[in-house]
Structures are given as C-alpha cells and as structure tokens.
Amino acid sequence: PLVVGKEVLDKARREGYAVPSFNTNNLEITQAILETAEEMRAPVFIQVSDGARKYAGLENLANLVRDMASRVSVPVVLHLDHGADYKMVLQALRAGFTSVMIDASHHPFEENVRETQRCVEAAHAVGVSVEAELGRLQGIEDNVQVSEAEAFLTDPEEAERFVELTGVDYLAIAIGTSHGAYKGKGRPYIDHRRLEEIARRVPLPLVLHGASGVPEWLKERLLATGAELKEATGIHDEDIRKAIPNGIAKINIDTDLRLAMTLGIREVVTQNPKEFDPRKIIGKGREYLKQVIREKFLLMGTAGRA
Ligand code: G3H
Ligand code: 13P
Ligand code: NA
Ligand code: ZN
C-alpha cells in the first residue's frame, strides 16, 4: 500500500538499512520498481522529478503510482523529488504524494530555513512527510582543491540548527556525491567523516542524492552496443555500504535506471533491426531495470524488511 515517508525512514535509520528512492517517468519504470519490491519484500520510494513532471505530467504519474501501489503488499512512498518551491509542494500535496522534498539549498541559509518552514507547515497539516536539503551537491573533481569544494558540503553544526528550526522529517546532505553519470575521475570522493559528524548531531534519517553506481556490467554492455560513455563513473558500492550505518536511510537512484532502460533498448534495436514492436524494445529495458533494482535492494539491506 501507499504509506507516509516518515514511518518507512524512521524504521530504516533505527534498524540500520536504507530504502532506495527510484525516479519514475512512465509505466514500465513504475512496474519494474513495484514488481521487484514485491518480489524482494522491500519497502520503496518512487519519486517524481521536475523533468518527469514535464515529460509525463504530475497527475498522470501520481495517479499511476498511487493506483499500482494500492495493489502491492509492501510499503510504497510517493515522493516529490527536488520540489522547487512552495507552489510545487502544494501541487504535489493535492496530487496525493505521501512525501515531498523542498530543495531550497541554493538559497542562503536563512532563506532555505524560511522556505522549508512553510512547506513543513503545509505538508504536516495533511500528514505528509518532508525532506529538505542543506549544502550543495557537486562532484569533487581532481583539479579542484578539496578545501575549496568543501565550501559546498553540508556543515554539521548548521545541519543541527537547520533541522531544529524547520521541523523537517529527513535531511538531504552534500558529502561529495553529484547527480548524473559523470561523478569525477577514479573513485568519487565521499566525506565519510563529515557524514559521521552530521549523524552524531542529527538523529533524523539522512538522504543521499547522486548515489548511482554506474555498474561496470551495465557500462561494458552499453559500450558494446556503440554507446559513448567511456568517462562515466559512479559511487562505489563500498561507499554506499559504509554510509548506511552512519545514518543514510534514503538513497536516490535515477542514472542507473536510465542506463538500464537504454541498454535494453539499444541491444534490441542494434541486434534485431527488423524489430519494430515497441513492447519488445522497451520490454527488454524493463528487464534490465528489474536487475538493477534487485541489486540496489541487496546493496542497501532493504530486501526482506517489508
Ligand atoms: O535529480 C535529478 C534526477 O536525476 C531527475 O532529473 O529532472 O531530468 O528528471 P530530471
Ligand atoms: P543519480 O543521478 O546519481 O542517479 O542521482 C539521482 C538523484 O539524486 C535524484 O534526486
Ligand atoms: Na528526493
Ligand atoms: Zn537529487
């Protein structure tokens, strides 16, 4: 069934596992997420981004996810990803989301607090949980001094003040990850010591954005179809495993799903040029999606928790 975000994440932080939050844009992605969650007895977040809203429509996706979630036995949270402002949050509340993110992290601290406060007031009035973000997501590149990049990372003392002032239910933090398929050369830098300090001061579930791994098997197979992705890199599984006992309870994944869907599509169209049934083409993408989603539930310790 559809449930509220806070109950899923409080349990995850308390018991030391994480719940993946997968971006959906259509029917097939939603099916892959829910079928795999059901098979693995895993709670799951399904999130809708600004791009998803523009591509498929907020109401279309909300109605699809809510209806499908009502027919599975595991807990499902419908979450607004990177809500841009108060108005966007209200639209999501009206559409039946059970968790919303207000991302005012690009504003100065005081303004981020004010904008988050009013979203919390509206969402809590109707029993919906709220995620906010403090710090700026940005890959730490080899050519940038870590001290310089650290200016964007979440300050532990500020994080403590931020959650007290706003009353948010979970907090997204910047500890070195970044969105997309190019997270920096070699092993992307994750500031685990900073995470430990934030977790010591903030008892809430912490959220990790930009957490895709760009799995080697996916990349190899995509390259074999002629895809140009040579420089693509992601967060190592080891860093994900290390972050979870330090308070990370929600982990956002979009890029790895995009890669999986695109692999299926590319394999069918390049290996079978006579095929023109979109169900055969997209269907193969959906199979690879399920494989990636399965791996995430195992990596994060979510399997068997529902
Ligand atoms: O946070 C970013 C997500 O990957 C969604 O991106 O707005 O292009 O759908 P999008
Ligand atoms: P990735 O691009 O690493 O999958 O991150 C997705 C994300 O953080 C969506 O909010
Ligand atoms: Na989010
Ligand atoms: Zn994000």
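Look up a bit, the structure's there.
Residues numbered from 1 in each chain as written. Chains lettered and ligands numbered in written order. Predicted model: local features only at pLDDT ≥ 70, side-chain atom pairs only at ≥ 80, totals over all residues.

J.: So what about the packing of helix H12 (residues 255-271) against helix H13 (residues 278-300)? Which residues, and what values?
T.: At a closest axis distance of 7 Å, the pairing of H12 and H13 adopts a crossing angle of 140°. As far as their axial angle goes, H13 and H12 are oblique. Regarding H12 and H13, the two cross each other, and that crossing is right-handed. Contact residues: Asp256, Leu257, Ala260, Met261, Leu263, Gly264, Ile265, Glu267, Val268 and Val269 in H12; Lys280, Ile281, Ile282, Lys284, Gly285, Arg286, Glu287, Tyr288, Leu289, Gln291 and Val292 in H13. By residue class, the composition of the contact of H12 with H13 is 12 nonpolar, three polar and six charged. (Axes fitted to C-alpha atoms, helices over the stretch in contact; angles between N-to-C directions. Helix = DSSP H or I, 4+ residues; strand = E, 2+ residues; numbered from the N terminus. Parallel < 35°, antiparallel > 145°, perpendicular 65-115°, else oblique. Left-handed = near helix turned anticlockwise from the far one by under 90°. Contact = placed C-beta atoms within 7 Å. Nonpolar A, V, L, I, M, F, W, Y, C, P; charged D, E, K, R; others polar.)

J.: Help me get a handle on the site of ligand 2, residues and values and all.
T.: Within the structure, ligand 2 sits among 13 residues, and His209, Ser212, Asn252, Asp254 and Thr255 are positioned closest to it. Those elements that provide at least two residues to the shell around ligand 2 are strand E3 (76-83) and strand E8 (248-253). Of the residues that constitute the shell around ligand 2, the class distribution is two nonpolar, nine polar and two charged. (Near = placed C-beta within 6 Å.)

J.: Quick one: what's the story with the site of ligand 1, residue by residue and with numbers?
T.: Asn23, Ser49, Asp50, Gly51, Ala52, Asp81, His82, His179 and Asp254 make up every residue found near ligand 1. Elements that contribute at least two residues to the shell around ligand 1 include exactly helix H3 (50-56) and E3.

J.: Any details on the environment of Arg94? Residues and values, ideally.
T.: Turning to its location among the elements, Arg94 is positioned in helix H5 (residues 86-94). Overall, the presence of 12 C-beta atoms within 10 Å leaves Arg94 in the exposed class. Through-space distance from the C-alpha of Arg94 to that of Val126 is 9.8 Å; in sequence the pair is 32 residues apart. (Buried ≥ 20, exposed ≤ 12 C-beta atoms within 10 Å, placed from the backbone.)

J.: Describe unusual backbone geometry, and please don't skip the residues or the numbers.
T.: Phi angles above zero are rare outside glycine, and His82 is one such case at about 50°. Note on His82: 20 C-beta atoms within 10 Å, which makes it buried. Even without being glycine, Val214 reaches a positive phi, approximately 45°. With respect to the helices and strands, Val214 occurs in the loop between strand E7 (206-208) and helix H10 (216-224). By C-beta crowding, Val214 is classed as buried, having 21 other C-beta atoms within 10 Å.

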